[in-house]
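Below are the chains, spelled out letter by letter.
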Amino acid sequence: MLVSTWFDATVLGILGLLVGSFLNVLIYRLPVMMEAQWKAEYAEMSGKEATETEKFNLAVPRSRCLKCGHQIRWYENIPVLSYLFLRGKCSNCGVTISWRYPLVELATGALFLYCGLTWGATPTALLWCGFGATLLALGCIDWDTTLLPDDITLPLLWAGLIAAALQWTPVALPAALWGAVAGYMSLWLVYWGFKLVTGKEGMGFGDFKLFAALGAWFGWQALVPIILMASVIGAVIGIAMKFSSGLREGGYIPFGPFLVGAGLTAMIFGPNAILRPFGL
């Protein structure tokens, strides 16, 4: 039984490495696609003729070096191994490849391995694999662009509600539904309260939708532990970045990655475990 469990988990872990490779594509390309769509919509509304551009989506063009345009061959695109073989550099121009590519692949593989060890070769394991991979993508996109795309947050929200309705998660449908409502409304109220007091926007609407999605997956009871952990980690990292002059222009950091971190913690250890370090 133990051998079978580890075999199933290892297969899922390898699948996770492959999914992580796709996530790297998604993290880079989806914001570019969104920007192109916004430009096209603006041109249409202003009566201007849209500029012809190269077809660009998640499938085409093939992956290439951002500096020299070298197309990545299949054997240069094997998760983690190709990065190590190439020593983290483009085989054509020698420019350094970001360490985040293999890190995302390893993180996704580790999450899938964990799901396999926890739930075995079951639909539940695949469900939580999808949840973890989605959060990883959202965290990276938000950190890079301060965007939490509706194309990802809304399906994540609906998936949590549907999973609860089908009893694929331990959260009852009423708790998931009110978790989604409370998650959205709580940050919505914080947003408007902060804006009325300071005249500034403290967070984006994507944060509301992501927190609503976490409420759908874990229930309304988990919202306080999740937001507490996200806020504490965000404050610590923000202070550290301020003293190290690592803050971007405007002195802000996106909140989404910290919600993602709290959501993954809730998945692995359970929402109540988040409160234990605080003595609650």
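Just so we're clear, the structure is a prediction, and the values are computed from it rather than from any experiment.

Cut-offs applied
- Residues numbered from 1 in each chain as written.
- Predicted model: local features only at pLDDT ≥ 70, side-chain atom pairs only at ≥ 80, totals over all residues.
- Heavy atoms only, no water.
- Helix = DSSP H or I, 4+ residues; strand = E, 2+ residues; numbered from the N terminus.
- Buried < 20%, exposed > 50% of the residue type's maximum accessible area, 1.4 Å probe, protein only.
- Lys, Arg positive; Asp, Glu negative; His and termini not counted.
- Salt bridge = Lys/Arg side-chain N within 4 Å of Asp/Glu carboxyl O.
- Contact = heavy atoms within 4.5 Å.
- Core = buried A, V, L, I, M, F, W, Y, C linked by side-chain atoms within 4.5 Å.
- Expected span 1.5 Å × (residues − 1).

Peer 1: With reference to specific residues and values, describe the side chain of E105.
Peer 2: With respect to the element layout, E105 can be found in helix α3 (residues 100–119). The buried charged residue E105 lacks any salt bridge partner; its closest oppositely charged side chain belongs to R100, at an N-O distance of 11 Å. Not counting residues within four places of it along the chain, the set of residues in contact with E105 comprises G16, L17, G20, S21, N24, P79 and V80.

Peer 1: Explain the nonpolar core to me, using residue names and the numbers behind them.
Peer 2: General note: in soluble globular proteins, nonpolar side chains tend to be found buried as a group. Counting residues in hydrophobic clusters, the biggest one holds 59 residues, and the most contacted among them are F131, L135, F218, I226 and L259. Elements with a contribution of two residues or more to this core: α1 (2–45), α3, α4 (123–145), α5 (150–165), α6 (173–198), α7 (205–218), α8 (223–243) and α9 (256–269). Among the elements that line this core, the one with the most residues is α4, at 12 residues.

Peer 1: Residue-level account of the environment of P79, with values.
Peer 2: Position of P79 relative to the elements: it lies in the loop between α1 and α2 (81–85). Put simply, P79 and L228 are 149 residues apart on the chain and 35 Å apart in space, counted from C-alpha to C-alpha. Ignoring sequence-local partners within four residues, the contact set of P79 consists of L17, L18, S21 and E105.

Peer 1: Give me the lowdown on α8, citing residues and values where you can.
Peer 2: The end-to-end C-alpha separation of α8 is 30 Å, in line with the 30 Å expected for 21 residues at 1.5 Å each. Turning to α8, its buried residues are L223, P225, I226, M229, A230, G234, G238 and M241. Buried residues along α8 sit against α4, α6, α7 and α9.

Peer 1: So, unusual backbone geometry: which residues are in play, and what are the values?
Peer 2: Between V60 and P61 the backbone carries a cis peptide bond, its omega angle lying at -5 degrees. For P61, the location among the structural elements is in the loop between α1 and α2. In this structure, T146 takes a positive phi of about 60 degrees despite not being glycine. Along the polypeptide, T146 turns up in the loop between α4 and α5. What makes T146 partly exposed here is its relative accessible area of 36%. Non-glycine residue Q167 carries a positive phi angle of around 60 degrees.

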